[in-house]
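Listed here are the chains, written in short residue letters.
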Amino acid sequence: MTFADLGLDDSLLDGLDAMGFEKPTPIQEQVMPHILEGKDVIACAQTGTGKTAAYLLPVLDKISRQEFQHTSALILSPTRELALQIDHAFQGFSYYTGASSIAVYGGGDGQTFEREKRAMTEGASVVIATPGRLISHLNLGYVKFNQIDFLVLDEADKMLDMGFFEDIIKIIGFIPAKRQNLLFSATMPTKIRELARKIMNDPFEVNIAISKPAAGVTQTAFVVYDRQKPELLKRILTQRTDPSMLVFASTKQTVKDLERDLRKKGLPIRAIHSDLSQEERESVLLSFRSRQTKILVATDILSRGIDIDNIGLVLNYDVPGDAEDYVHRVGRTARAETTGEAITFIGEKDQRRFSDIEKLIERVIPKTEMPADLGTGPAYEPERKISSGKNKRPLFRKKRRPGPGGAQ
Ligand code: AMP
């Protein structure tokens, strides 16, 4: 199938051509015909599959055939970063269409608020917004949402995780009941089904291989003692030649410590975490995107939705608490059918969680031998119970390999 087979407007085909998109990805192939037909759609798809274009192209197709300028689509996003990224994709696809957009998200100054207000008063074709900020505008009464044709919920599971259910329902009260609803989510928990039942009309459902990293990602892991991690990380980062590498750690303190330590060792690294202001986060992201910064260390703020091209390596400094987050972290590499590598450090307390991930993705990840001079790591025994100290005598005594400093 080609984009032309879908009957997309010429202005969009020109844009796709300029962006070098040759053929639709599987999610695009499966959902676009239904969206173009006017049906509601629920799509279970991870980021990296091309889901943004899967909804933006049909939305733009409708807008490019409309005679009057009005706000035709409202796209809700859980985070500012994702809102900006959707807006960025919109700018590319809409280049030859004359459609306009505004990204509406928290932070910024009075001028930003005024700019958002003006765009929504004048009827920007597409409004891409985080729920909280949008409600601040809606409460002031000037937003023109009476001709909305599409409501898109992107990363719907994340929005519900962040507690936006009530806000979404409130926002829906401001838009016409007759509209097309498109819901995209990486996972499909019960609460998403409830939301869908509440707001959608006989949706067509697509499920694109959930909970599995894209086929192009080579995944490996090191089984390590926590004290071995810093040196192993430095070793890997200095030896690799990838232009962009992303390191994930679960807590912002670890992220800050890693940035400080690796910078001291002369590595070109910057960090992103929730203590930075919006401007600081954007400036770090920009520097990473433009390859001025080679290594970015981040908390899970970045694990969902953020699209940065050609990240050769994703390194998990620890095993994420939630198995789905592993898929999201690893999904930052090998986007849209390219290849990439993901390496995970499995600490002593992380083994059980890592084995849950292996079950979720239905794959045993190869464990790489530690470099000899860093000493041996622990054995990989995820089923072994970690003693709480209350019951010191284990039921079954398993043989364990000693660490570099003798028995653990
Ligand atoms: P997404 O899942 O929407 O975040 O998209 C992931 C990446 O795939 C983005 O960099 C898109 O620009 C890219 N992409 C989306 N659709 C296509 C396509 N049909 N051909 C090539 N690249 C694509």
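Residues numbered from 1 in each chain as written. Predicted model: local features only at pLDDT ≥ 70, side-chain atom pairs only at ≥ 80, totals over all residues. Heavy atoms only, no water.

1. Concerning the pairing of strand E11 (residues 295-298)
Logical step 1: Where burial is concerned, the two faces of E11 agree: the one with Ile 295 and Val 297 and the one with Leu 296 and Ala 298 are both buried.
Logical step 2: Strand direction decides the pairing type here: strand E9 (residues 245-248) and E11, joined by four bridges, are parallel. Following the sheet pairing, Val 247 is matched in E11 by Val 297.
Logical step 3: Between the parallel pair strand E10 (residues 269-272) and E11, the chain is carried across by helix H12 (residues 278-289), and the sense of this crossover is right-handed. (Buried < 20%, exposed > 50% of the residue type's maximum accessible area, 1.4 Å probe, protein only. Helix = DSSP H or I, 4+ residues; strand = E, 2+ residues; numbered from the N terminus. Pairing = 2+ DSSP bridges. Right-handed = clockwise from strand over helix to strand, strands pointing away.)

2. Remarks on the sheet that holds strand E2 (residues 73-76)
Logical step 1: Sheet architecture is open: seven strands sit in the order E3-E4-E2-E5-E6-E1-E7, paired in parallel fashion. Unpaired on one side and paired on the other, strand E3 (101-104) and strand E7 (204-207) mark the two borders of the sheet. Ignoring which end each strand starts from, the neighbouring axes of this sheet average 10 degrees apart.
Logical step 2: Sheet topology note: the E2/strand E5 (residues 150-153) ladder contains four bridges and is parallel. Residue pairing in the sheet places Leu 74 in a bridge with Leu 151 of E5.
Logical step 3: Sheet contacts for helix H5 (residues 110-122): E3 and strand E4 (126-129); angle to E3, the most-contacted strand, approximately 140 degrees.
Logical step 4: Strands E2, E3 and E4 of the sheet are contacted by helix H6 (residues 131-140), whose axis makes an angle of about 105 degrees with E3. (Axes fitted to C-alpha atoms, helices over the stretch in contact; angles between N-to-C directions. Contact = heavy atoms within 4.5 Å.)

3. Description of the nonpolar core
Most often, soluble globular proteins have nonpolar side chains that are buried together.
Logical step 1: Counting residues in hydrophobic clusters, the biggest one holds 37 residues, and the most contacted among them are Val 31, Tyr 55, Leu 57 and Leu 182.
Logical step 2: Counting residues per element, this core draws most heavily on helix H3 (residues 51-64), at eight residues.
Logical step 3: Look past the residues within four positions of Leu 182 in its chain and what remains in contact with it is Ile 35, Lys 39, Val 41, Tyr 55, Val 59, Phe 150, Leu 151, Val 152, Leu 153 and Met 200.
Logical step 4: By size, the runner-up hydrophobic cluster in this structure holds 33 residues, among which are Leu 74, Tyr 142, Phe 164 and Ile 175. (Core = buried A, V, L, I, M, F, W, Y, C linked by side-chain atoms within 4.5 Å.)

4. Topic: the pattern of salt bridges
Logical step 1: Here the structure, examined in full by the defined rule, presents 20 salt bridges.
Logical step 2: Notably, a salt bridge pairs Asp 154 with Lys 51, separated by 2.8 Å at the nearest N-O pair. Remark: Lys 51 occurs in helix H3 and Asp 154 occurs in the loop between E5 and helix H7 (156-161); sequence separation between them is 103 residues.
Logical step 3: Accessibility expressed as a relative area gives 4% for Lys 51, which makes it buried. (Salt bridge = Lys/Arg side-chain N within 4 Å of Asp/Glu carboxyl O.)

5. Describing unusual backbone geometry
Logical step 1: Even without being a glycine, Glu 155 presents a positive backbone phi close to 50 degrees.
Logical step 2: On the secondary structure map, Glu 155 appears in the loop between E5 and H7.
Logical step 3: Given the relative accessible area of 3%, Glu 155 is considered buried.
Logical step 4: With phi around 45 degrees, Asp 202 is a residue other than glycine that occupies positive phi space.

6. Regarding the packing of aromatic side chains
Logical step 1: For the structure shown, the criterion picks out six aromatic pairs.
Logical step 2: With a centroid separation of 5.8 Å and 70 degrees between ring planes, the pair formed by Phe 21 and Phe 93 is classed as edge-to-face. On the criterion of sequence distance, the pair formed by Phe 21 in the loop between helix H1 (10-19) and helix H2 (26-37) and Phe 93 in helix H4 (residues 80-93) is long-range, its members being 72 residues apart.
Logical step 3: A relative accessible area of 34% places Phe 21 in the partly exposed class.
Logical step 4: Overall, Phe 93 belongs to the buried group, its relative accessible area being 3%.
Logical step 5: Between Tyr 55 and Phe 184, the ring centres sit 5.1 Å apart and the planes meet at 55 degrees, which makes this aromatic pair tilted. One end of the pair, Tyr 55, is in helix H3; the other, Phe 184, is in strand E6 (residues 180-185), and 129 residues separate them in sequence. When sorted by exposure, Tyr 55 lands in the same class as Phe 184, which is buried.
Logical step 6: An aromatic cluster of three or more residues is present, and its members are Phe 222, Tyr 317 and Phe 345. (Phe/Tyr/Trp six-rings, centres within 6.5 Å; stacked < 30°, edge-to-face > 60°.)

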